Amino acid sequence: MPDLLTDEYAAVARLVADQAGAWDVTGAIPVGVLRELGAAGVLCAQVPKEHGGLGVSSRDNGELTAYVGSLCSSLRSVMTSQGMAAWSVQRLGDRTQRAAFLPELTAGRLAAVAFSEPDAGSDLGEMETTIRVTGDSVVLEGRKSWITAAAYADLLVVFGRAGGDGAAVVVPADTPGVSIEKVPHPLGCRAAGHAHIRLDGVRVPVTNMLGGAGMPMAFLITSALAYGRMSVAWGCVGILRACLTAVSRHAGSRVQFGKPIGEHQLVARRIAELFVAEQTAANSCRNASQCWESGSPDQVVATVLAKHVSATQAAQGAASAVQILASAGASDGHVVARAYRDAKLMEIIEGSSEICQLILAQHVLANADCADLQEAP
């Protein structure tokens, strides 16, 4: 635990306590809890201090994210959403927009980032939401689906098409024409506030369009998703740590055939594999955070690798944890039952495992071409 974040860790521990299971069952986190954590800087800790944030490094934010993820993946999902919104404003907005919106996100207001649509999931380039400038206003039309934290959001960062380019617009959730419908029974991260959004003639000031004019869609998507992938990756480390804690306690105390089940070889093998999974995921995330902090040209591929490795390991590790705890961990709301469902979603969001594999394969092939050129006489 970094010394500079002692108060933030304590705030998370105090506000979550033993409530994560109940939140999972009811499908909601108290909004007051979210606002208090937002005002404490926990939900978007990398925002610079000049805008009310904590200004921490990628590594420290990652470890904080893992800690939150070890307690409640739904809360960590809201944290990812808030962080993505802040990151989008930081990366895409101008100085005036950063000064206007970032202090809101560090003062307790909540945000969601609206990317996916009914026909644009992995292929976000097929987004159909339109963003049209008319005088001093921007008008939005479209549909967004499965938007994390939208059910709690005060602000929506909506991505769509502006002519032939892409654009991102900050939209207050109470703007006329905005309709938010909560997803009723999600498989995992049940309390993360997933919702569908309708945008019917939504009009906001043109100054809410981040960066002003349209930008290449690929740049917009990559900028926002990079933060989301890092946050999900670190959150998966948290899932693995929660599973390790639950498994070690259970396997050390549950006696079958005259000895603790952890002393049976097949159970011990699963425990060892779970430990390896946590170490592998954590080291992958640490490497990616180091790339972010150093400005390494490997930042993009390291981020995708961390997300893919961590999500895959979390899904497999959570399945092993359920197997070890058996009926003891099969109750709705139990930490490993939540982990099992939550980790599965992590293999889908912010770039599915298949998309990550394609990106990594393309990286390998591109580097192979470069290597061939360097070796040519």
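Described below are features of the structure shown in this document. As the structure is a computational prediction, the values presented were derived from the model and not from experiment.

Parameters at a glance
Residues numbered from 1 in each chain as written. Predicted model: local features only at pLDDT ≥ 70, side-chain atom pairs only at ≥ 80, totals over all residues. Heavy atoms only, no water. Phe/Tyr/Trp six-rings, centres within 6.5 Å; stacked < 30°, edge-to-face > 60°. Helix = DSSP H or I, 4+ residues; strand = E, 2+ residues; numbered from the N terminus. Buried < 20%, exposed > 50% of the residue type's maximum accessible area, 1.4 Å probe, protein only. Axes fitted to C-alpha atoms, helices over the stretch in contact; angles between N-to-C directions. Parallel < 35°, antiparallel > 145°, perpendicular 65-115°, else oblique. Left-handed = near helix turned anticlockwise from the far one by under 90°. Contact = heavy atoms within 4.5 Å. Nonpolar A, V, L, I, M, F, W, Y, C, P; charged D, E, K, R; others polar.

**Observations regarding the packing of aromatic side chains**
Line of reasoning, step 1. Applying the stated criterion across every chain yields a total of four aromatic pairs.
Line of reasoning, step 2. Considering the side-chain rings of tyrosine 9 and tyrosine 67, the 5.0 Å spacing of their centres and the 45° angle between planes classify their relative orientation as tilted. Here tyrosine 9, found in helix 1 (residues 6-16), pairs with tyrosine 67, found in helix 4 (residues 58-71); they are 58 residues apart in sequence, far enough to count as distant.
Line of reasoning, step 3. The buried category is assigned to tyrosine 9, whose relative accessible area is 5%.
Line of reasoning, step 4. Summarising the aromatic geometry, the rings of phenylalanine 115 and phenylalanine 159 are spaced 4.2 Å apart at their centres and angled 25° between planes, so their arrangement reads as stacked. Of the two residues, phenylalanine 115 is situated in the loop between strand 1 (111-114) and strand 2 (130-134) and phenylalanine 159 in strand 4 (residues 155-162); the sequence distance between them amounts to 44 residues.
Line of reasoning, step 5. For phenylalanine 115, a relative accessible area of 6% puts it in the buried group.

**Focus: the packing of helix 7 (residues 217-253) against helix 8 (residues 265-294)**
Line of reasoning, step 1. Running from amino to carboxyl end, helix 7 crosses helix 8 at an angle of 155°, the nearest separation of the two axes being 9 Å. It follows from the interaxial angle that helix 7 and helix 8 lie roughly antiparallel. Read as a crossing pair, helix 7 and helix 8 show a hand that is left-handed. Facing Ala226, Tyr227, Met230, Ala233, Trp234, Val237, Leu240, Arg241, Cys243, Leu244, Val247 and Ala251 of helix 7, the residues of helix 8 in contact are Ile271, Leu274, Phe275, Ala277, Glu278, Ala281, Ala282, Cys285, Arg286, Ala288, Ser289 and Trp292.
Line of reasoning, step 2. The residue makeup of the contact of helix 7 with helix 8, split by class, is 20 nonpolar, one polar and three charged.

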